[in-house]
Structure formats: structure tokens, C-alpha cells
Amino acid sequence: MINLITIKNYVVPQTVEEAYGYLTSNKASTIFGGGAFIRMGSKNISTAIDLSKCGLNNITESDDSIEIGAMVTFGDLESSTILKNHFNNLLAISVKDIVGIQMRNIVTVGGTVYSRYGFSDFITALMVLDAKVKLHKGGLVPIELFITDGSKEKDILEYITIKKDNRRASFKSMRNSKGDYAILNIAVSKKENMCIAVGARPGRAILAKKTMEYINENGINLDNLEEALDVLTEEVKFGSNSRGSSQYREKICRTLIKRALKEADCLEA
Amino acid sequence: MKTVNSSISKLDGMSLVTGKAAYTDDFAPKDALIVKVLRSPHAFARIKKIDTTIAEKVPGVACIFTHKNVIRKPFTRAGQCYPELSPYDKFLLDEYVRHVGDDVAIIAAIDEKTATKAMKLIKVEYDVLKPVLDLREAENSNPVHPEEDIFTKLEVGFNRQKNIVAKIDFSLGDIDEALASSEIVIKRNYSTQAQAQGMMETQRTYTYLDNYGRLVVVTSTQIPFHVRRILANALDIPMSKIRVIKPRIGGGFGSKQTAQSEFYPALVTLETGKPAKIVYSRKEVFIGTTSRHAMTFDITIGADRKGKIKAIDMEGLWDTGAYGEHAQTTLGAAGKKVLTLYNKVDACRFNGKALYTNHVPGGALRGFGVTQGTFALESAINELAKELDIDPIKLREINMIKKGETTPLYNIVTKGAGNDPMYMDSCLLEYCVNRGKELISWNAKYPKRVISSTKVRGMGMAISQQGSGLPNIDMASATLKLNDDGFFTLLLGATDIGTGSDTILCQIAAEALNVDIDKIIVYASDTDITPFDSGAYASSTTYTTGNAVIDAAEKMKDLIISYGAKYFETVDENIAFDGSNIIRKDNNEKISLVEFSKKITYNMLFTQLVATGSFVPKKAAPPYMAGFAEVEVDLETGKVDVIDFIGVVDCGTPINPKLAKVQAEGGIVQGIGLALYEEVKYTNEGRLINNTFMEYKMPTRMDTGNIYVELADGYDETGPYGAKSIGEVVINTVAPAITEAIYNACGVRIRDLPATPEKVLLQL
Amino acid sequence: MKLNARINGIKVSLEISPDEFLVDTLRRNGYLGVKQGCDTGTCGVCTIHVDGKAVLSCVLLSAKVEGREITTIEGVQNEAKVIGKYLVDEGVDQCGYCSSGTIMSILYLEKSIANPTDEEILHYLNGNLCRCTGYTGQLRAIKKYMEGKYNENCKQ
């Protein structure tokens, strides 16, 4: 009943290495991203580690990849001129409906991805890209593996790197009030192969691999769309929470996927 | 001079929007002890053991209260006139806890951290009891109040053992016969949820002792005078020892019509002699205060084939939660202010029971029961139109109350009404319906328009009324004081909760005195200084307090004339006052009010002119509204978007059309929240799930669609300058109009609110 | 611990505890225009600017703004009066409690987008809840304000 956060020390390391030192020196030390969700729980933190000064605040682009620093906020994603030119603006679109701009200016990429929040819209979008998470100790880990398994030990997410492979993509979410978190979200992308992710099930986002396999084998068009969606609802497990029942999620999942496939121009004639 | 019916800006507006200190917490002393309330994690339990010894040892803790060291005296927190219709069923703290969030212990410490730390160190052993969570089973369940010392001041059908808080029964004509002779009879059930008031400023209070040893309570309340009486009773000290001051209020909507945060710091200040402060967290508001009463109605309507409604029977169950605040009155309003809309029936009957459960208590929320009753009845009328295959507007035209009409039901349900028919001479409901129909292009768009293979738009409408104050119950008063530079102080017990009532009442005073509005300064409300007012509720301030202001102004004018006569050494009849000058009629000698006020203060007569006026409504003066919705339903997700909502409101002559219109726009959006977004869910153990703004979704500005409001050009002769109320009537039509629009779009009839996408899609 | 930052252009050094939220630090130090409506970052009442960006002071730890530029409604009184006038003229001041946060969001919108469409206005203000006004009048006021500003610019 009683929500209380206590923090003994607050440190602002200048490098990730220094931050890692703080993190491993004490069991109750915690990395702070934006800290947007800390008030939701009760926690005793010995040392709060603020990564603001570790140089993780940028979105950069090289010839073949985009790198998003862990401390980049959702607000930064939304206004990024780099991201606008890739994947049909997938990443900015995925975050633009989250609560309000003031919240998005606090929430960080690293905080969200490292915490592997089930309700996250951003994670679902990342899942359909060729993205890797760079952990300070764990090195580069494919996004799907990281979202499924997390980090084996306490680590620091430094940045996310995404391959610029010109895939087409689309993100869809269902929310009742526009100020709410998603009841369900999905993303699709297509390069050679189709990629489909489903999140806020309400569990963590997953890839619909059997469906992807089905589509990659058979192609996808209006004739076999329903069959593909049957494969999807067969393989993806939906749950119930205060935002919606599993039955409802299953139904709208079909709709959202259908709409995303159309939008990303993935349906064959 | 014409200051009424003019859209002047709120006098305090600029100060509020630029962030000046104005609200309770802005003035709290920095050294105030911080008060926290330990709240129950169980829906129903008896405290077996409570141990505060470790908590008390935390340095900085000032005091801790449990049920073992506070006085035990039943009271009601409901802000109502005395004797209250709500049961005296609450204790400062009790050995039983009756809902998740009920108060267990009170902790005061030098700061928030210390208080919270101590709170965590209180050891409580609970004997967890089986909670009553099913409204329909409540009568046959264990009593939520096992203690025998609770009671009601008035006979309201209270039965503690059976969990009955109140019963309301009234009828007109022979319902069985009227139903039997009907060609069509429909029976339906409707339910509404326990909507949260959602005011932006949570409940908060600080207290201190003044130099006379009296308890000063500065609090965000709609009911300062009731708070003084309730506190005196609960704390068992004389009312004369308490002063209640209300600063600016960050929204009320009924949430602050029940005393809440006042008790805890008051206890602490009385115990320690030190200032104390409590600020409720948003979660505390959800679990520890009140919400709209959830209700369920069984409705039976009989009509003939042509659409003449012959009989309406409403049977309601009211979930009052753990305490009975406002249960009887909201339940009563759900019948009284709803059934009277259809005045041509042969018979009608209302049967309602308010029952205790172990949910968060029900209380006051804009609409006050009428919202729930209107949803049920107007939904049923819309369904009847479908059965009869006639346009729902046509059905209203045949059956609704019109200008100059009445029903004996008004006499039955209005306190002290007597037997003379109460004619609704100012009723413009028919105009509202016709105008709304035109504005939304009903004939072109009803019942639906297909937009695409997945999107369909549907139309719906509903009508409603409310009261304007409570006849022969709620009293208001106002004091006018002439100052020595010819300006007036207007002292009000009324509380401006954002409605702009301070400004509106100044407009009325200026009009009545025939002076410029800048000649009026207003102060509200402080129980030591301002005259009695029952408070900001029951849509009463403009109507009831407005009439009191006119009364005060008339008396002030009489005083000015009478002292003017003394000044000119003549008789009263020979004096005129035109707002600026006092004129001796026979020789046209005159003195300006400014000069006069100086003279009578400093040089002659040596007097202070003060006049107090009071008013209690004698007659029902209902405002009316017709609401029209066009919604778009996504057939593949069930998502409902409001495209247009049009409200035409008959509030008599609006004193301030601009502020009245915004009241209506705000009420409509609150109604959209009730209709579509605001879900209330409990776990099986009785814990409220939607207990933060993250889980409880009030509409955002992207959720509302286009809202358009027009005010009918009305006039009610009993109102101040023709005004009736507007604050509450504006919420009632929204939900039934929207659910009807959903039905017309896609054939899904939502009878339990809110109409979430999930409910719509799973029935498609 | 100490928080060194600039508030409304003035260098300050304030005593804070590491687990304190910025809204509390600000109010304790007299910035009473900053209000709080919830503690889950969902109502926008506590909106302020940090380094020019609109953020929620109820979920931001005070320690996190070390060395940064904080702007509260007190720091933008001239702008607040201009915008406020439009709000009051439209009658949407109402209880007033959400106004300072709303004005901070309007200022951020203005900074971010030159001539916002209705949709952009709604998008930038969606995080500011208001239970009194029904938003419609606020949109009228914001549009009139933006138009007024636009006309002002055209004249110059």
C-alpha cells in the first residue's frame, strides 16, 4: 500500500566504465534511465546511477547503421531527422502516442529496453528491425534475444544499433483513450523476408515466427491472409489484464496486422 | 448598466492562470507537521492488534492515532444540511476496516519522509473477513457494519443487518394497470460505473490554533459550513471553537462535498498544538475518498403503438460502498429528477435501495444520481423507439414535458411543495430538442452513415433535467457592506470551485445595486466572516446564492435610501438611489454615493451600512438539455470516436454566457469519459485496480471530438434575473446519446458503462 | 546533497535529498506556480521546462537536473500573461489549477512548431489533462493566441 522510494546516494559518473563500477559495487545500486516509472513501485536504492554524462545521448548514423544512445529520450526519437528517413519513420511513429510529450521527454530508450516493459510500444517496433543491444559487459545482443532473456547479470545498456537495410515497416497500436498505454501493439517489416512482432499482449513483445515462416514460404495476399492470421493467433499467446481480455487482444491483433501489412505495402496482388 | 447576461471574464482568472499562490497548499505554514494516513490493504477486516511502539520511536514523529486512542463517536462526512439524510456510520478510526483504502492509523511527523517511515513501522494484525462485493447479494451478506452504535438521524429505511442504507419508493397512478393496458412493454437492465470526480487538485487541508486557541481549518472544500459542523461533531468540540477557511479550489465536481482530509490534521493540531498539513496523493483520492455511486436499474416501460408512453417503472440498486454518504439523496435524485421528464404517463413508479458493500464509498459527483437515472431511462426510451420503429426524437416530442406543463410528481418529490401544481413555465426542452436536431443535421444523418468498409457513423440523442438548488432545504446568504469610498464588499459563504461563481455573484450584486462591477469586491468563504451558505452543490450557487445576493442588495438599497433620508432630513419616500447618487426628489438635491459613504462614516450619522440577504428555493426550477451525438465505430476494433456532440441547454437567462457555455463543454467531456473511457475494476479480493491516472483514463483532448454548445434564450421568473442552474444538467445526456449512436452505427447495445472497444467488438 | 542549477535564469544552490522529486524541491523553495495533480506522469499539471524541453516535475528526481536550466511559470510571467489573457477571454481559466502546466506546454509547442495545425496543438497538449473545460475552449484560445502572434509577426 505504501509507495516509497528511498535513495541513499545519487551519482553521475562520467564514463560507462565508472558507472559499471558503481553498479557492481553494491546489490541495491540501480541504473537510472529517465526514471519515469520509478514512482510506480516501492524501492530501496543504495546508489542511483545517472548516465546523463556518459555520452549516451545521441542518435547517430553511419553508412550502414543507426546508433541510438541509451539516454536518448522518446521525445528525441520523435523529432529525429535521422530516424524520419528510415523504415517509414517506424520508430518515431511507435512512440508518438505514449501519454504526453512531457512524459516522452523523460522516458529513455535504455530505460525502456533494459527493463523490457511488456507495455512498451518502442520495443515492439525495434523487434522487426535488424537491431542489436550493446551491453557494457555482455556486448552486442540481438534485440529479440535480449527481450526474451534479458541480461544474465547486472549490466549497462549503452546503445542500440540498427542496420540500415531499407526495409519497409509499419507500427500499429490499439488504445482506447489516446492518453493510455496500448492494449496491444504490433509491428511488421519487409525486406526479403517478412517480420512480425506483437507486444503488450500484455506480456513482452515476441516475434510471430511461425507466421513469418508461413508468409515467407507462401507469400501473403488477400486470399491467404486469413489463413496466415490463423497461424498467428495460434502461435501468439495473449493474456488478460485491466486493459483488455485475451479474447479481445486476439481479435484486434488480426485487424492491426492486416492494417499494417496494407500500410507497409506487403500484400501481394 | 447591464452586468448580468454579459460575458465578462473571471475576476480572479489572470491570477490563477499565471500561477499565483491561490490554493490551500500554497499557504500552508512551512513548519506544519506532515500528516499521513495508514490505509487498509483489505476490503473487510477487523484489526486484531495494532502496535505503534516502534513507529513512535522514530525521531521526528509527533503523534500517532489508532482506533484505540481516538474518541469513538459516529458521524457522517456527507456535506448536507442538518439533520443529514446520510447515516452516522463513520468513526475517526475504527477497529473494522471496510474497504481497501479505509483509514487505519494517523501519523504526524516533522516531514514526509519521517511520517512515511513511521507509517511502515506500524504493525497491524488483521482478522480478514469475507468482503461483500456483489451488489445483488449485499442484502443477504454479512453486515458491512457489524458495530451496533451507528444510526440515522432521519427515517430513510436504514437497516444495518441487511446492509440497507436507504430506500426510496414513490409512485404516481396505478403502475400495474398502466402496464397491463400497454400494447408494448419493454424490460431492460442498465448499469453505470463508479466514476471518479477527477478534479486536478486532490483533497488537502492544513490546520493550526489561532491566538484564541481555536482550531483554524484551511481546506479545499465545497462545503465550509458543513465542514465546521461535521468536524465539531466528529471531534466532539463546540462549533464555536472551529473556523473553516476556503482558499481557491482546484476543482470539485462533488469530491469536496464530503469532508475527507480535514479530520486528520485537525486531530493532530488539537493533540500537539502545532500546525499540521495533509495533501492526498492521487491514489489516496481513488481508494480513500468517494466516487459516483455505481448503480444498476431494471426498467419497464409500457406504451401504445403510436408511441404514447403509459407507464415507467424503475427499480434501482445503488452501491454505496463502505459508507453511506449521499446514498439516499443521489438515489432519490435518480428518480425524482428523471421520471418528471415524462409528465404524460398514466403511471410511474420508482423503487430504489442503496446498499453497503466493501467497495470504495460512493459520494457526490456532478449529476448526483440524475446522471445514472438518466442513462437508464433515456437508454430505455431509445430502445422503445426501436421497438416502435419511430424516430427517437418523435417519441420525445410525444411524451416529454413542455413549457407551461406540469406533473403531480413534482409535488410528490419536492420538499414542502404543497398541492398547487408546479408549472414549468420556463421549460424550453422542446426548443432544445428542435434546435439540436437542426444543428446536427439529424434528418440527413439519422440513423447511420457508412463511411468505409470498416467505419460506420451513427446518431443518438437524449434529454435531461436537473434541479436548481434544493427547495426548502439548502439555504444561502450574502452580506453587502458599504465602504467609505462608495464601494461594496460582497461576503459570500458560497464556494467558487472553478465555476466562476465569485464573478457571477458580483455581476448579480452590481446589477441589483445598479453599480459598476468594479464597485464590488468579493470575499468567500470563511465561516468566521462570511454568512452561511450550504455550499457549492446541487447546482445551487447561481440560483440560490444569486437570489440571496439580490435580497442583500435590495436591503442595502433600502438602507441607503433610509440613511439618505436622514442625511437630507426628509422621509424615505422622498429619496431615490440610482447607483451613483442619492437624490432628494422634491428639490433634486443630490450627493454622490462616494461622498455619502465618507460622510456617514466620518462626519455624521456615524454608521456602517451592512445588509444580509438569504434565500431558499421554494419551487423546482429545473434546467433542461437535449444532447446529440454522432459517433464513428471501427467495426474491426470496436473503437468508438465521438465525431460531434451537440448540446442545447436551457439554463434560463445565463448571468455569464461565456462561463455557462464552458460549464456545458466541460460537463459534456466528463460525460464522454463516463460513456467511453472511465473504467472501474476491482480484483476478486476487492482492491480497486484503476487507482491512478495511469490506470483510470479520463478523456484527453484527443478523445473528445467536436463539442458544440448553444444556450437557449430562456427566463425563469424565480431565478436571479431569470437564471436557472447549469453545472450538472450538462453531463446527463451524454452517455445515453452515445450508446444509442453506437447502436445505430453497428447494432451493438451497450447497457453497462463504459462502452469500451472490447465490449463493442465482442458483441459485434 | 546540493543541487546546483539555474532556475528561471538565476543560479541556485539548493539542499535536496537524493530521493526527492523536482516538484517538491521547487514548491519548497517558493516556486508555487508549479502544481501537482498526480504522481504517475499522466496529468501534465506539474509541467516545467528543463533545458527548454517540457517535462513532468513529479516524476523527475531533483538530482537529475544538476547543472541544468529550469524554467517554471514564474520565469515566463510576461508570456504567461499574454497566453493567459486568451485563456481567460475564452472562459477556460475555470478552477485554474492545471493552467500553469498548460501554459508551459503551449510555450513548448510554440518553440517546437512555428504554425501548428489543430492536430499538432492537440498532440503537443495531449499530456495536459483538464477536467473543467472540456478542452474545446482551450483550443479556441490557443488558436486565437497563435493567430494573434502570427498577425503580430506579419505587421513587423
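Residues numbered from 1 in each chain as written. Chains lettered and ligands numbered in written order. Predicted model: local features only at pLDDT ≥ 70, side-chain atom pairs only at ≥ 80, totals over all residues.

The name an unreviewed UniProt entry assigns to chain C is Carbon-monoxide dehydrogenase small subunit, from the organism Alkaliphilus peptidifermentans DSM 18978.

For chain A, an unreviewed UniProt entry supplies the name CO or xanthine dehydrogenase, FAD-binding subunit and the organism Alkaliphilus peptidifermentans DSM 18978.

Draft legend 1. Spatial organisation of the nonpolar core. Val188 of chain A together with Ile107, Ala509, Val649, Ile738 and Ile742 of chain B are the most contacted members of the largest nonpolar core, which has 404 residues in total. In terms of residue count, helix H18 (residues 657–677) of chain B provides more of this core than any other element does, eleven residues in total. For Val649 of chain B, the residues in contact, after removing those within four places along its chain, are Cys432, Pro623, Met625, Ala664, Val709, Leu711, Ala712, Ile726, Val729 and Val730 of chain B. (Core = buried A, V, L, I, M, F, W, Y, C linked by C-beta atoms within 7 Å. Buried ≥ 20, exposed ≤ 12 C-beta atoms within 10 Å, placed from the backbone. Helix = DSSP H or I, 4+ residues; strand = E, 2+ residues; numbered from the N terminus. Contact = placed C-beta atoms within 7 Å.)

Draft legend 2. Region of the structure containing the environment of Ser468 of chain B. All names here are of chain B. Within the secondary structure, Ser468 is located in the loop between strand S19 (455–465) and strand S20 (476–482). On a C-alpha basis, the gap between Ser468 and Val760 in space is 36 Å, while along the polypeptide they are 292 residues apart. Once residues within four sequence positions are removed from consideration, Ser468 is found in contact with Ser539, Ser540, Tyr543, Pro617, Ala621, Pro622, Pro623, Gly719, Lys724 and Ser725.

Draft legend 3. Focus on the confidence of the model for chain C. The pLDDT averaged across chain C works out to 95; a share of 99% of its residues lies at or above 70. For this predicted complex, the interface confidence reaches an ipTM of 0.97, while the overall pTM sits at 0.98. (pLDDT = per-residue confidence, 0-100.)

Draft legend 4. Representation of the sheet that holds strand S2 (residues 45–51) of chain B. Residue and element names in this part refer to chain B. As summarised here, the arrangement of the three strands in space is S4-S2-S6, forming an open sheet in which the pairing is antiparallel. For this open sheet the edge positions go to strand S4 (96–97) and strand S6 (123–128), each flanked by a neighbour on one side alone. Where S2 lies against S6, six bridges are found, and the strand directions are antiparallel. Bridged to Ile50 within S6 is Val124. (Pairing = 2+ DSSP bridges.)

Draft legend 5. Fine view of the environment of Ile48 of chain C. Residues and elements named next belong to chain C. Note that Ile48 resides in strand S3 (residues 47–50). With 49 residues separating them along the chain, Ile48 and Tyr97 place their C-alpha atoms 14 Å apart. With residues near it in sequence (within four places) discarded, Ile48 still touches Val34, Val55, Ser57, Ile70, Thr71, Thr72 and Met104.

Draft legend 6. Focus on the packing of helix H15 (residues 501–513) of chain B against helix H16 (residues 541–568) of chain B. All names here are of chain B. As a packed pair, H15 and H16 sit with axes 9 Å apart at the nearest point and diverge in direction by 35°. At the point where H15 passes H16, the crossing takes the right-handed sense. Contacts between H15 and H16 involve Ser501, Ile504, Leu505, Ile508, Ala509, Ala512 and Leu513 from the former and Thr541, Thr542, Thr545, Gly546, Val549, Ile550, Ala553, Glu554, Met556 and Lys557 from the latter. For the contact of H15 with H16, a count of residues per class yields ten nonpolar, five polar and two charged. (Axes fitted to C-alpha atoms, helices over the stretch in contact; angles between N-to-C directions. Left-handed = near helix turned anticlockwise from the far one by under 90°. Nonpolar A, V, L, I, M, F, W, Y, C, P; charged D, E, K, R; others polar.)

Draft legend 7. Quick look at the interface of chain C and chain B. Of the residues lining the interface, 40 residues belong to chain C; the matching set on chain B comes to 42 residues. Contributions of two or more residues to the side of chain C that touches chain B are made by helix H2 (77–89), helix H3 (99–112), helix H4 (118–125) and helix H5 (136–155) of chain C. No other element matches H2 of chain C, which puts seven residues into the side of chain C that touches chain B. Broken down by class, the residue content of the side of chain C that touches chain B amounts to 18 nonpolar, 16 polar and six charged.

Draft legend 8. Molecular detail of the pairing of strand S6 (residues 131–135) of chain A. Residues and elements named next belong to chain A. Direction of pairing for S6 relative to strand S8 (residues 157–163): antiparallel, over a ladder of five bridges. Along S8, the bridge assignment pairs Ala131 with Ile162. Here four bridges tie S6 to strand S7 (residues 139–142), and the two strands are oriented antiparallel to one another. Of the residues in S7, the one forming a bridge with Lys134 is Leu140. Linking S6 to S7, which pair antiparallel, is a turn of three residues.

Draft legend 9. Focus on the packing of H2 of chain C against H3 of chain C. Residues and elements named next belong to chain C. It is the contact of H2 with H3, at a shortest axis distance of 10 Å, that shows an interaxial angle of 110°. With respect to H3, the axis of H2 lies roughly perpendicular. From H2, Glu79, Ala80, Ile83, Gly84 and Leu87 reach across to H3, where they touch Ser99, Ile103, Ile106 and Leu107. Class assignment for the residues of the contact of H2 with H3 results in six nonpolar, two polar and one charged. (Parallel < 35°, antiparallel > 145°, perpendicular 65-115°, else oblique.)

Draft legend 10. Structural context of the domain arrangement of chain A. All names here are of chain A. In terms of domain boundaries, chain A breaks down into domain 1 (5–50), domain 2 (59–163) and domain 3 (180–263). If you average the C-alpha positions of domain 1 and of domain 2, the two centres end up 20 Å apart. At the interface, nine residues of domain 1 touch twelve residues of domain 2. Broken down by element, the side of domain 1 that touches domain 2 gets its largest block of residues, five residues, from helix H1 (residues 16–25). Residue classes in the side of domain 1 that touches domain 2 are distributed as six nonpolar, three polar and no charged. (Domains from an automatic or database assignment.)

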